[in-house]
Amino acid sequence: MMSSPPAKNSPDPLPPSPRHPPSAALESLSLSSLLSGDTGDGDVAGGEEEGMGDLEVNPYDGLPFSSRYYLLLGERQQFPVWGLKQSLLELLEDHSMVLLSAPSGGGKSTQVPQWCVEYALSYEFAHGLVCCSQPHSPAAVSLALRVADEMDLSLGLEVGYKVFHDDSCTPDTLLRFVSDTLLLEEVMSDPLLRRYGVVVLDEVQERTVPTDVLLGLLCDVCRQRPDNFRVVLLTHPTLASRLAAFLGPSVPHLSLDGLDFKPPPGDQEDCEADDENKAVRMNAVQIMYRELLSGRERVSAACQVVLDLHRRGEEGDVIVFLASAQETEECVTLLEKECVALSPQLRPLRLLPLHAGLGGLTQRVYEQDPDASGLKGTSSPGENGLLGAAGGPAVRRRVILSDSLAEASFSVPGVRYVIDTGLQLKTVYNPQIRANSQIIRTISKQQADMRTQRVNSQRPGLCVRLYPQSLYEGGMVEARSPGVGEENLSHLVLLLKRLDIADMGQCKFLDRPAPEALMQALEDLDYLAALDDDGNLSEVGIIMSELPLEPPLAKALIAACEYDCVDELLTIAAMLTAPSCFLTVDPSREEAAVTQWQALMHTEGDHMTLINIYNAFMEYNQDEAWCNTNFLSHVALRLAVVIRAELLEVMLRIELPVSPPAFGCKGNSTNIKRALISGFFLKVAHDVDGSGNYLLLTHRHVAHLHPFSSYCCRQPRPAPPPWVLYHEFTISCDNCIRVVSEVHPQMLVELAPQYYLGNLPSSDGKDLLMELRGCLKRPSCEQEGPSDGYSRTRGHGDGVGGGSRSVQH
C-alpha cells in the first residue's frame, strides 16, 4: 500500500500521466489518510498546526467542511460496509476490476462511489472522472442528492446525476450517477469510456438488460485500458458467488462475511455504545407469515395490516411491497378512506407512493413531514413516531407503498415494519408472437430477503409476509430472472450493431439471450431496413441508433421527413415514450373522466388524439389545474415536453429535415399514418366480423379496442374501423390493443416490405393484402392515380387550417 500520491521522481503503480498543479488542499491529503478514512480529527505527521487547518478544507471545492459534514461522517462510519474501505482502495491500486457484495442497507451504494472519488483524487483525476450506474433512474437521482450532502458539495457541480430527460451534470462534474441505459448509450459514442477513470456498476443483481450488457463490455474496456481504468461491481450476496465464477479468479471479491469491523481511532467509545443498536438493526427482524384467506384481495389485506400496526401506537415507519404501481395507488386510495375512521388520538398517516412513474416525486420519501411544524413531541426524522412520550401527537407515521423499485434502490431511515405481498407484475416479451404478456408472478427468495432488509431502524423490526412459509421455503426460485430472457431485444441488437459487434457471440453475457429472441430482433430490424445485405447497419439503421426511441418509432420519425409531418411525429413519439397521460380513476369517476376526454378526441384515431392533448396542454401553458380538471397526468405531459425537445435537438444535430407544423391541414393525418405504417406495419389488425374483434396479422391473436380508445368513447359511437394500426398489445386479462388509428389496407401494401407480406400467417386479411398487391403490380394500377389519389385526396376528418396547434376533431 502506498503512503502518499505518486511523485514524479518515484515509480508509479500506474504509467505516468499528466498532472495538474496540486492545490494546498490536495497537498494536505495523502493516500494513507484516504485509506484510513482520517480526514479530520487525526494528527498530521509533524503536528503542524497549519496542516491541521488544511485537513478541514474540502479537497473538491476548497471550502471548509461544514458541521453537517462531520455529523454525516459519523453516521457513515457506522455503516457495515465502512470496514471494507481500506481493502477496496488497496485493491484498486493493482486490479482493474473489483467485486464487492453486501446486503441491502449496508451502505455500499452511497459509500463506495465516494471512496472511488477519493481514489481518483489521489491521481488528481488524471485518468478520468467517476461514474456510478443504477438500474433505476429514480435511484440515481436519490443517490446523487444523498452523496452530495455527505460530501458537503453542491448537487450539479462536483456531484450530479444524468437520467432520461434530466441532466444535472456539467463537464467538470467529478462524480456522476447515471442510469444504466444512458451509460450503455454513452458506450456507443465512446467505446473505451475515456471520460472515466472509475466506473461503479451498482445493483448488478437486478439483472436488467443494460446492466448485463455493460458487465461484458466493461470487461473488454478493462482489457484495453489496464493501466488507467477501474471497475467496481456492487451486488447483493445472493448473486456474488455466481458473479465471481463468471469473472474468474483474477477479479478479487470483497464481502461483509466475516468482516471484523473496527471503528476509526477516537470513535471506539461511540461505536461501542452503538454496537448493540447496530446488531438489532441488522439481525433483530421478526418474520411473520400470514396466509391470505381464499379470495381475499392482497391490496385490502395489506391495508388492514398497516392499520393494525398503526393502532398499536408504537414508533416506526412502514413500507408495503405490492405487485405493481397500479396496486400502490389503489392502496393509497383505500388507506385514505380508512384514515377517516381512525381514532382522534392518532395522527393521520402520511401516505407516500413510490414507483418509477412518479419521476422526481419519488424523493418525497426522504423529505420531512410538511405538517410537522408546530406539532408537539416531534421525533427525529429518522424515527418517525406516532405518539410523543408526554407531549401529545408526534410526526405522522410514514407509510411507503411501493412495487419492486424499493427492494434495493431506496434505503429509508426509520422503517421498522415491512409488509410483503410476495408478488410482482412482470412484463415478459414473447418473440414468437411479438407481444408482451403481463404476469403477476411470485418473487424470488432473493427479493424476499431484500425486502426484509428494508427494515432500517434501531428498534426491533417486523416483516409481515402475506404468504405461507412453505412458499418461501419451497415455492420460490432462488434469484430473479435476467432481463435478457424476458424483453424485446431489438433495441439492444441495434446498439450492439452500432458497436460493430455483428455476432452476438462476441458479447459476454452472464446469461445468454435465447437464440430465437435474437433471430426475431434481427428479423424485425431487417424489416425496418436498419440492416444492409451483409447484416451490418444501413444508413437508416445508423440514424435509428441515434434516436433514443424504440426501433419502430425511430423508423416512423425518420419516415416523417419524407411525408412532411415531422412536427406531428415528434409529438406522437414524445407522448408514446412518456408514461400514459390518462390518469387511472375510480370506477365511480370514469364517466366524468371520459366526458372530459371526449372534447380532446380526434376522429382519425388515438395518435391524433395524443397530438390534440399535447397541443391543448401547451396552449394552457402546461397548467396543472387544467390537467386535474381533464383527468390527465401533469407529470407525464411535462415529461413529454422534455422528450420532444430532446428528440428535436437530435434531429437537428444529425441534420434531418424538420417540417413546420401542419396539423389540421388537408392530407396531414394521412401523411402521419403513412409515417406510422413505415415503422409499425408489424402492428396491424383487421376486424374479422364487424363487431370489434380484431385479428392481429402477425400471430393471429384476437384482441379488442381499449375501452378508453377514441373509437369507444366518442359520441355517437362510431362503427369499429375495419383496419387499425396499434402501438401496444399486451396479453393480459383484457387482451386490448392500445393507441390505435384507422388505416387503409392499400397503404399497408404500398409501404410494408413485400417479403413481410408474404411471410404473414394465412388469414382473410392476408388474402386481401395479397390481392391488393397483385392489383398494384398490374400496369393499370402502377400509374400515379390510385396511390397518390389516396394519399392526397383521402383527407376525411383532417380538417382545414394553416397548421395551427389547436385541438382538431
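In this section: the sheet that holds strand 11 (residues 350–354). Consider a sheet: its strands pair through backbone hydrogen bonds, and that pairing is either parallel or antiparallel. The strand order across the open sheet built from 6 strands is 9-16-13-10-12-11, with neighbouring strands paired in parallel fashion. Every interior strand has two partners, whereas the edge strands, strand 9 (285–289) and strand 11, have only one. Taking the axes of each pair of neighbouring strands and ignoring which way they run, one obtains an average angle of 15 degrees across the sheet. Summarising the sheet, strand 10 (residues 317–321) and strand 12 (residues 398–402) pair through 4 bridges and their orientation is parallel. By the bridge assignment, V318 is partnered in strand 12 with V399. In the packing of helix 13 (residues 325–339) onto the sheet, contacts are made with strand 11 and strand 12, and the angle to strand 12 comes to roughly 150 degrees.

Our focus in this paragraph is the sheet that holds strand 8 (residues 253–255). On the basis of which strands lie adjacent, the open sheet formed by 8 strands has the order 4-3-5-2-6-7-1-8 and mixed pairing. The open sheet is flanked by strand 4 (166–167) and strand 8, the only strands paired with a single partner. Contacts from helix 9 (residues 209–224) reach strand 1 (97–101), strand 6 (196–201) and strand 7 (230–235) within the one sheet, and its direction differs from that of strand 6 by about 145 degrees.

Counting all residues, the mean pLDDT for the protein is 81, and 81% of those residues have values of 70 or more. For the stretch residues 1–53, pLDDT sits under 50, and the model shows 78 contacts to residues farther than four places along the chain or on other chains. Counted against residues more than four places away or in other chains, residues 258–282, with its pLDDT under 50, gives 28 contacts.

F177 and L247 are the most contacted members of the largest nonpolar core, which totals 166 residues. Residues within four places of L247 in sequence aside, it is in contact with M97, L99, L215, C219 and L233.

Let us now look at a negative patch on the surface. Together, E297, E330, D586 and E590 give the surface a local cluster of negative charge. Along the chain, E297 falls in the loop between strand 9 and helix 12 (298–311).

A word on the side chain of T571. By the secondary structure assignment, T571 is in helix 20 (residues 566–577). At a separation of 2.8 Å, a polar atom in the side chain of T571 contacts the side chain of R644. Discounting chain neighbours no more than four positions away, the residues touching T571 are I611, Y614 and R644.

Moving on to the pattern of salt bridges. Summed over all chains, the structure comprises 31 salt bridges. Between E150 and R76 there is a salt bridge; the shortest N-O distance is 3.6 Å. In this pair, E150 is assigned in helix 7 (residues 137–150) and R76 in helix 4 (residues 67–76), connecting sequence segments 74 residues apart. Each member of the pair E150 and R76 is classed as buried. Within this structure, E206, E407, D420, R451 and R480 form a network of salt bridges that share partners.

Under the 1.5 Å per step criterion, the end-to-end length of helix 19 (residues 551–563) is 19 Å for 13 residues, consistent within 8% with the ideal 18 Å. Counted residue by residue, helix 19 has 12 buried out of 13 residues, so it is predominantly covered. Positive phi shows up at D564, right after helix 19, with a value of about 55 degrees.

Across 2 bridges, strand 19 (residues 702–705) lies against strand 21 (residues 736–742) in parallel orientation. Opposite L705, over in strand 21, you have I737 as the bridge partner.

Quick look at unusual backbone geometry now. Along the chain, Q715 connects to P716 via a cis peptide bond; the corresponding omega equals -5 degrees. Along the polypeptide, P716 turns up in the loop between helix 26 (710–713) and strand 20 (723–731). One non-glycine residue, L193, lies in the positive phi region at around 50 degrees. By the secondary structure assignment, L193 is in the loop between helix 8 (180–189) and strand 6. The exposure class of L193 is buried, given its relative accessible area of 0%. Unlike most non-glycine residues, E203 shows phi in positive territory, near 55 degrees. Position of E203 among the secondary structure elements: in the loop between strand 6 and helix 9. Residue classification places E203 among the buried residues on the basis of a relative accessible area of 2%.

Quick look at the packing of aromatic side chains now. In the structure shown here, the tally under the stated rule is 12 aromatic pairs. Taking 3.9 Å as the distance between ring centres and 15 degrees as the angle between the ring planes, the aromatic pair formed by F65 and Y69 counts as stacked. You can call F65 buried: its relative accessible area is 13%. For Y69, a relative accessible area of 7% corresponds to the buried category. Taken together, a centroid distance of 6.4 Å and an interplanar angle of 80 degrees make the contact between Y527 and F681 edge-to-face.

Conventions used here
Residues numbered from 1 in each chain as written. Predicted model: local features only at pLDDT ≥ 70, side-chain atom pairs only at ≥ 80, totals over all residues. Heavy atoms only, no water. Pairing = 2+ DSSP bridges. Helix = DSSP H or I, 4+ residues; strand = E, 2+ residues; numbered from the N terminus. Axes fitted to C-alpha atoms, helices over the stretch in contact; angles between N-to-C directions. Contact = heavy atoms within 4.5 Å. pLDDT = per-residue confidence, 0-100. Core = buried A, V, L, I, M, F, W, Y, C linked by side-chain atoms within 4.5 Å. Buried < 20%, exposed > 50% of the residue type's maximum accessible area, 1.4 Å probe, protein only. Patch = residues over 30% accessible without salt bridge, like charges linked within 9 Å, V, L, I, M, F, W, Y side chains within 5 Å. Areas by Shrake-Rupley, 256 points an atom, 1.4 Å probe, with all protein chains shown as cover. Salt bridge = Lys/Arg side-chain N within 4 Å of Asp/Glu carboxyl O. Lys, Arg positive; Asp, Glu negative; His and termini not counted. Charge placed at Lys NZ, Arg CZ, Asp CG, Glu CD. Polar contact = N/O pair within 3.5 Å; in protein donor to acceptor, adjacent residues only side chain to side chain. Expected span 1.5 Å × (residues − 1). Phe/Tyr/Trp six-rings, centres within 6.5 Å; stacked < 30°, edge-to-face > 60°.

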